[in-house]
Amino acid sequence: PVEGPGGRPDMAPFKFCDRISRGVEIQQFGDGSSSRDYTYIDDIVDGVVRSIDRQHPYQIFNLGKGSGTSLKEFIGLVEKHTQKKAIIKVLPMQPGDVPYTCADVSKAKKLLGYSASVPFEEGIKRLAKWYQQAYSDKQIEICPETQANGLGRSPSVVMLQTSS
């Protein structure tokens, strides 16, 4: 998954930063040991530009950090950089979810010279700073949503309204 300022509000980095900042409960599926290869947006853009600038027609490249970050570590870093304690509701693992995913970037490194340069913690730090600046003058309200799977997931859509 991609993380950084201006990220999708339905993805974990933005959602956790938003909800933890506002003292709203987040949901943790499983014991927090699951791991994902979160990659900062600038690193993904660098990989895309490198793939366009090289003469490798019809090649597919995996872009990512190349290492995983556990959910527990992820939540801890958001707490650190928002300076707020997360309110966590622990739920069972979701059906079909896998414990670990990570991009194999060896081909991109070899053919494109690609390597992610922004560590995950730095990306979360930048996201939290951007969030605090971007939303400091606005009121954020949660817009209820109906979940088709019935698991009672946290709302993934927020309504941003400017204070009058």
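Now for a description of the structure that goes with this document.

Criteria and thresholds
Each chain carries its own residue numbering, running from 1 in the direction its sequence is written. Reporting in this predicted model follows two pLDDT cut-offs: at least 70 for local features of residues, and 80 or more for side-chain atom pairs to be given and counted; totals over whole chains, interfaces and linings ignore these cut-offs and use all residues. By convention in this description, side-chain values take in all heavy atoms of the structure and omit both hydrogens and water. We count a stretch as a helix when DSSP gives it H or I for four or more residues in a row; a strand needs E for two or more, and each element gets its number in order from the N terminus. In this analysis, two residues are considered to be in contact whenever any of their non-hydrogen atoms come within 4.5 Å of each other. Each reported salt bridge corresponds to a side-chain nitrogen of Lys or Arg within 4 Å of a carboxyl oxygen of Asp or Glu. Three labels apply to residues, based on accessible area from a 1.4 Å probe with only protein chains included: buried if under 20% of the type maximum, exposed if over 50%, partly exposed otherwise in between. Helix axes are fitted to C-alpha atoms over the stretch in contact, other axes to C-alpha atoms as well, and angles between N-to-C directions run from 0 to 180 degrees. Just so you know how the angles are binned, under 35 degrees is roughly parallel, over 145 roughly antiparallel, 65 to 115 roughly perpendicular, and the rest oblique. For a crossing to be left-handed, the near helix must be turned anticlockwise from the far one by less than a right angle; the clockwise case is right-handed. In the scheme used here, Gly and all other residues not listed as nonpolar or charged are polar, with Ala, Val, Leu, Ile, Met, Phe, Trp, Tyr, Cys and Pro taken as nonpolar and Asp, Glu, Lys and Arg as charged. Counted charges follow a simple rule, with Lys and Arg positive, Asp and Glu negative, and His plus the chain ends left uncounted. Planes of paired rings set the category: under 30 degrees apart is stacked, over 60 is edge-to-face and the rest tilted, where pairs are Phe, Tyr or Trp rings (Trp by its six-membered ring) whose centres lie within 6.5 Å. Here, a charge over a ring means that NZ of Lys or CZ of Arg falls within 6 Å of the ring centre while also lying within 35 degrees of the ring normal.

### Observations concerning the overall build of the protein
Right, so step 1: For the protein, the helix and strand inventory stands at five helices and eight strands.
Right, so step 2: When the elements of the protein are put in sequence order from the N terminus, they spell out β-α-β-β-β-α-β-α-β-α-α-β-β.
Right, so step 3: Within the protein, counting contacts between residues at least 6 apart in sequence, those at least 24 apart form 82% of the total.

### Examining the pattern of salt bridges
Right, so step 1: Counted according to the given criterion, the structure contains seven salt bridges.
Right, so step 2: With a shortest N-O distance of 2.6 Å, D10 and R8 are connected by a salt bridge.
Right, so step 3: When its relative accessible area of 51% is taken as the criterion, R8 is described as exposed.

### Details of the packing of helix α1 (residues 12-22) against helix α5 (residues 120-134)
Right, so step 1: Where α1 contacts α5, the two axes come as close as 10 Å, and the packing angle between them is 55°. When the axes of α1 and α5 are compared, the pair comes out oblique. Once α1 is placed against α5, the crossing between them reads as right-handed. Note on element contacts: α5 touches α1 through L127, A128, W130 and Y131, opposite P13, F14, C17, D18, S21 and R22.
Right, so step 2: Looking at the contact of α1 with α5 residue by residue, the classes come out as seven nonpolar, one polar and two charged.

### A closer look at α1
Right, so step 1: Along α1, nine of the 11 residues are buried, which leaves the element largely enclosed by surrounding structure.
Right, so step 2: Looking only at α1, the buried set comprises P13, F14, K15, F16, C17, D18, R19, I20 and S21.
Right, so step 3: Count one or two residues on from α1 and you reach G23, which has phi positive near 75°.

### Overview of the side chain of E3
Right, so step 1: Among the secondary structure elements, E3 is positioned in strand β1 (residues 2-3).
Right, so step 2: One buried charged side chain, E3, makes no salt bridge at all; its nearest oppositely charged neighbour is K65, positioned 6.6 Å away.
Right, so step 3: Each residue touching E3, except ones within four places of it in the same chain, is listed here: P13, Y38, T39, Y40, I41, F120, G123 and I124.

### Here we look at the packing of aromatic side chains
The relation between two aromatic rings is expressed through the spacing of the ring centres and the mutual angle of the planes.
Right, so step 1: With the rule as written, the count across this model stands at six aromatic pairs.
Right, so step 2: A centroid spacing of 6.0 Å and a plane angle of 70° characterise the contact between F14 and Y131, whose relative ring orientation is edge-to-face. With a gap of 117 residues between them, F14 in helix α1 and Y131 in helix α5 connect regions that are remote in the sequence.
Right, so step 3: Of the residues examined, F14 reaches a relative accessible area of 5% and is grouped as buried.
Right, so step 4: Overall, the relative accessible area of 5% leaves Y131 in the buried class.
Right, so step 5: The positively charged end of K107 is found above the aromatic ring belonging to F61, 5.3 Å away from the centroid.
Right, so step 6: Over the ring of Y40 we find R126, and its NZ or CZ is 5.0 Å from the ring centre.

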